[in-house]
Amino acid sequence: MLLIDCPFCGPRNESEFSFGGPALTPRPSDPAAVSDADWVDWLTVPPNPMGLVEERWWHARGCGSWLTICRHTVTHEITEVRLGR
Amino acid sequence: MTIMQRYSALSLLRHALGSHRGWAPAWQSPPLRDRYQAIIVGAGGHGLAAAYYLAKEHGLTDVAVLEAGWLGGGNVARNTVTIRSNYMRDESIPFYVKSVAMFDGLTRDLNFNMMHSKRTMVDVLQTWGMVRDRRRRKLIMDIYGSTYEDIPVAELRRRVPALTGGGPDSRLPILGAAVHTDAAVNRHDAVAWGYARAASAMGVAIHQQTPVTRLLRGPDGAIEGVETPRGTVRAKTVALAVSGHTTTLTETAGLRLPLRTINLTAFVSEPVKPVVDVIVNCPDLGVYLSQSDKGELVIGGATDLGQSFRRDIKQSVFEDTVSALLELFPAFARLKLMRQWGGHLDMAHDASPIVSMTDIPGLIVSAGWWGGYKAIPAGGAGLAHLIATGRPDPLVAPFGLNRFRNLDYVVETGTTTAR
Ligand SMILES: Cc1cc2nc3c(=O)[nH]c(=O)nc-3n(C[C@H](O)[C@H](O)[C@H](O)COP(=O)(O)OP(=O)(O)OC[C@H]3O[C@@H](n4cnc5c(N)ncnc54)[C@H](O)[C@@H]3O)c2cc1C
Ligand SMILES: [Zn+2]
C-alpha cells in the first residue's frame, strides 16, 4: 500500500486514490513541426526505468485534487508529490 | 547431440529396480562458447519453447539460451497456469486457439507429463456491460473455432456449488455466466523442463547463471552479441525473451519500446478436498481461481496499476482480491492462505504481445507477455520462425512493432481478470 502525502490532506492510503497513468511529457506545442515517428513515440513509449517514474494520482476519495508523484519502480519510495502536473 | 532418455511407465519401473540412481540429467550444461549462430536471452517459457522449435522445425541448433538465474525460475513458474483462447480481436483469437491446441498435444510432443487438465473456464457476469462484452466475444470467437456458451444462473450454481454469493440482494447480483470449454491448466515446471530437455537433446546449449548486462552493436549498428559477467558472447541474431526486462536490455543499445513493466500477483490456500472443478473467473469483481491437483485453491486478481519491477504482492491488491473472493465464496473465509507472490511483466501500449524484428538489425524481441503462459507454444514457435527466417509466421505477423508506427493497434486490454 502506498502512502501518498497529499498537499491538502496529509499522508493518505493509496486506496483513497485512483491511478491516472504515467505523467506524459508535455504535448508538443507545434504539432506540425513534429515528425510522425516522434508523435508515435510521444503517444506510446513511456519511460520504463528500474528507478523513478512520474505518475498521476487522483485523490478521488479525499479532496479531489489531481497529483503528480515521483515513485521508484523497485522500492515504491515516493520522492515527490506535487499538485497538478 | 545426445540421445534423449525417454520417459514412460516402463522406464520408471526399470529405474525403480536401480533405486532411481540411473537417470540421466534432463539437460546438458556444456561450457559457454564465445560465439553462436543465435542467442536467446531468457530461459522462461518463451525462450525455451523458441529454442526447441528452432532445433525441431528449422534445424538450427547452434543456439545458446542465456539465463540470469535458473531455468524456469521466472514468470513461467510464478503464474496461475490458465490456458484459454477467449480473446477479442481477429488478430488474437487464431493465435491463441493454435497455442491452446499445441498445449493439448505437448505431453506427447515433448515426452514429458504436463499434467494437462482440460478444466473449462466459467465467467461469472455481474454487470450488463460484461454480459454484452461476452456476447460480442462469443460472436467473434465463433468465427475462429473458439467457444463461449451462455448458461443461466441456476446452471452456474449447479456447476459451482461453492459459489453462494452474488444473490439477488447482493451488491452485484449475478446475471449470467459464459462457459469457455477450451480452457485448461497444467504444470508450469513441466513446461519449462520439458522444452529445455527436448531442446538440449537436439544440441541447444542452455546456460544458467549467465545474466546479459548489455547488448553489443557493431560499427554498422547491427547487433553483434551480448555482454555477460562470464564474458562476451557473439551472434548475428539475438532474441530477447526476458519478460519484464525487455526495455532494461534494449535501452543498453539505445532502443526504446512501447512497454511498461507491471506487477501481477497470486496466492494459494491450504490444500482442501475437491471443491471447484472448473476455472472460475469473476471479471466484474476482479478475482479468478482454480483448484490444483494438490487441492490448493490458486487465486489471482488484478494487476498493480503503476509500473513496478517487484516480485511481491502489494497489500492493497491482496485485500481487494480477497474481498472480491469472499463476496462470491463466503465459505472460503475459513481457508488458510499458505503463500503469496508476484512477478513483473511488460505490457505494450495496446496490451497485445510484441514478437518482432526491431530497428536494430539482428535484434528480435518477444515481449508484452503479461498473460503469456497460454501463448508459450505458439509464441515460441513464432519467435523461432522469426529467428530462423527473418520473417514472421502468419500467426504472429499482427504482433510486429510496426503496428505502433502505423497506429494500427490490436487492443486487447481488460480481456478477463484471468490472464
Ligand atoms: C501472478 C501471475 C499470474 C499469471 N497468470 C497467468 C495465467 O493464468 N495465464 C497466462 O497465460 N499467463 C499468466 N501470467 C503471465 C505469464 O506468466 C507470462 O506471460 C509468461 O510466463 C512470460 O513469458 P516467459 O515464461 O518466457 O517469462 P519468464 O519465465 O519470466 O522468462 C524470462 C526469463 O528471462 C530471464 N532474464 C531476465 N533478464 C535477463 C537478463 N538480463 N539476462 C538473462 N536472462 C534474463 C529471467 O530470469 C527469466 O527466467 C501470469 C503471471 C503472473 C506473475
Ligand atoms: Zn487530498
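Every value quoted in this text rests on a predicted model; they were computed, and no experiment measured them.

## A few points about the interface of chain A and chain B
Here is step 1: At the interface, 22 residues of chain A touch 25 residues of chain B.
Here is step 2: Considering only the surface of chain A that becomes buried against chain B, Met1, Thr44 and Asn48 of chain A emerge as the three largest contributors, covering 29% of it.
Here is step 3: At the surface where chain A touches chain B, the tally comes to 2 salt bridges.
Here is step 4: Sorting the residues of the side of chain A that touches chain B by element identifies β3 (18-22), α1 (36-44) and β4 (52-58) of chain A as the ones contributing at least two each.
Here is step 5: Element by element, the count of residues in the side of chain A that touches chain B is highest for α1 of chain A, at 4 residues.
Here is step 6: Classifying every residue of the side of chain A that touches chain B gives 13 nonpolar, 5 polar and 4 charged.

## Observations regarding the sheet that holds strand β10 (residues 223-228) of chain B
Pairing between the strands of a sheet is mediated by backbone hydrogen bonds and can be parallel or antiparallel.
Residues and elements named next belong to chain B.
Here is step 1: Taken in spatial order, the 3 strands of this open sheet run β9-β10-β11, and their pairing is antiparallel. Because the sheet does not close on itself, it has two edges, and the strands there are β9 (214-217) and β11 (231-234). Averaged over neighbouring strand pairs, the angle between their axes works out to 30° when direction is ignored.
Here is step 2: Direction of pairing for β10 relative to β11: antiparallel, over a ladder of 4 bridges. Across the sheet, glutamate 227 pairs through a bridge with threonine 232, a residue of β11.

## Concerning the pairing of strand β12 (residues 237-240) of chain B
All names here are of chain B.
Here is step 1: In β12, alternate side chains face the same way, and those of Thr237 and Ala239 on one face and Val238 and Leu240 on the other are all buried.
Here is step 2: Sheet topology note: the strand β1 (residues 38-41)/β12 ladder contains 4 bridges and is parallel. Its bridge partner being in β12, alanine 38 is matched across the sheet by threonine 237.
Here is step 3: In this sheet, strand β19 (residues 363-367) lies alongside β12 in parallel orientation, the contact comprising 3 bridges. Considered in β19, the bridge of valine 238 is made with leucine 363.

## Section: the packing of aromatic side chains
Residue and element names in this part refer to chain B.
Here is step 1: What the rule picks out here adds up to 16 aromatic pairs over all chains.
Here is step 2: With centroids separated by 5.0 Å and ring planes inclined at 80°, the aromatic side chains of phenylalanine 95 and tyrosine 96 adopt a geometry described as edge-to-face. The pair phenylalanine 95 / tyrosine 96 is uniform in exposure class, with both members buried.
Here is step 3: Between phenylalanine 95 and tryptophan 369, the aromatic rings sit 6.1 Å apart at their centres with planes inclined by 25°, giving stacked as the arrangement. Of this pair, phenylalanine 95 sits in helix α3 (residues 92-104) while tryptophan 369 sits in the loop between β19 and α10 (376-389); the two residues are 274 residues apart in sequence, bridging distant segments of the chain.
Here is step 4: Residue class for phenylalanine 95 comes out buried when judged on its relative accessible area of 1%.
Here is step 5: Through pairs of rings, three or more aromatic residues link up here, namely Tyr87, Phe95, Tyr96, Trp369 and Phe399.
Here is step 6: It is arginine 197 that lies over the ring of tyrosine 7; its NZ or CZ is 3.7 Å from the centre.

## Side note on the nonpolar core
All names here are of chain B.
Here is step 1: Grouped together as the largest cluster of nonpolar side chains are 68 residues, with contacts concentrated most on Ile40, Leu48, Tyr53, Tyr195 and Ile387.
Here is step 2: Among the elements that make up this core, the one with the highest residue count is helix α2 (residues 45-58) (8 residues).
Here is step 3: Not counting residues up to four positions away in its chain, the partners in contact with isoleucine 40 are Gly47, Ala50, Ala51, Leu54, Val63, Ala64, Val65, Leu66, Ala239 and Ile387.
Here is step 4: Among the nonpolar cores identified, the runner-up in size contains 29 residues, and Ile39, Leu249, Leu257 and Ile360 belong to it.

## Observations regarding the coordination of the zinc ion (ligand 2)
All names here are of chain A.
Here is step 1: Protein ligation of the zinc ion (ligand 2) involves Cys6 (SG), Cys9 (SG), His59 (ND1) and Cys63 (SG), the donor distances falling in the range 2.1 to 2.4 Å.
Here is step 2: Around the zinc ion (ligand 2), the 4 donor atoms are arranged such that angles at the metal cover 101 to 118°; this shape is classified as tetrahedral.
Here is step 3: Counting the intervening residues between successive donors of the zinc ion (ligand 2) yields the motif C-x2-C-x49-H-x3-C. With a gap of 54 residues between them, cysteine 9 in the loop between β1 (3-6) and β2 (10-13) and cysteine 63 in the loop between β4 and β5 (66-72) connect regions that are remote in the sequence.

## A few points about the site of ligand 1
Residue and element names in this part refer to chain B.
Here is step 1: Near ligand 1 you find 37 residues, and of these Glu67, Asn75, Thr80, Trp369 and Gly372 are the closest.
Here is step 2: Separating an oxygen atom of ligand 1 from a backbone N or O atom of asparagine 75 is a distance of 2.8 Å.
Here is step 3: Here a nitrogen atom of ligand 1 and a backbone polar atom of threonine 82 are 2.9 Å apart.
Here is step 4: Compared with its free state, where it exposes 990 Å², ligand 1 has 95% of that area covered by protein.
Here is step 5: Placement of ligand 1 is best described as lying within the second largest pocket.
Here is step 6: When residues of the shell around ligand 1 are traced back to their parent elements, those giving at least two are α2, β13 (259-269) and β17 (337-348).
Here is step 7: Looking at which element gives the most residues to the shell around ligand 1, the answer is β13, with 3 residues.
Here is step 8: Partitioned by chemical class, the residues of the shell around ligand 1 number 17 nonpolar, 16 polar and 4 charged.
Here is step 9: Here the shell around ligand 1 gathers at least three residues from each of two domains, domain 1 (32-118 + 183-257 + 350-419) and domain 2 (121-181 + 260-348).

What counts, and at which threshold
Residues numbered from 1 in each chain as written. Chains lettered and ligands numbered in written order. Predicted model: local features only at pLDDT ≥ 70, side-chain atom pairs only at ≥ 80, totals over all residues. Heavy atoms only, no water. Contact = heavy atoms within 4.5 Å. Buried area = accessible area lost by both parts, 1.4 Å probe. Salt bridge = Lys/Arg side-chain N within 4 Å of Asp/Glu carboxyl O. Helix = DSSP H or I, 4+ residues; strand = E, 2+ residues; numbered from the N terminus. Nonpolar A, V, L, I, M, F, W, Y, C, P; charged D, E, K, R; others polar. Pairing = 2+ DSSP bridges. Axes fitted to C-alpha atoms, helices over the stretch in contact; angles between N-to-C directions. Buried < 20%, exposed > 50% of the residue type's maximum accessible area, 1.4 Å probe, protein only. Phe/Tyr/Trp six-rings, centres within 6.5 Å; stacked < 30°, edge-to-face > 60°. Lys NZ or Arg CZ within 6 Å of the ring centre and 35° of its normal. Core = buried A, V, L, I, M, F, W, Y, C linked by side-chain atoms within 4.5 Å. Donors = N, O, S within 2.8 Å, 3.2 Å for Na, K, Ca; no water. Tetrahedral: all angles 85-135°; square planar, octahedral: opposite > 155°, others 65-115°. Near = heavy atom within 4 Å. Polar contact = N/O pair within 3.5 Å; in protein donor to acceptor, adjacent residues only side chain to side chain. Areas by Shrake-Rupley, 256 points an atom, 1.4 Å probe, with all protein chains shown as cover. 1 Å grid on protein atoms, 1.4 Å probe; cavity = no way out; pocket = protein on both sides within 12 Å on 5 of 7 lines; lining within 4 Å. Sits in = over half its atoms within 2 Å of the grid points. Domains from an automatic or database assignment.

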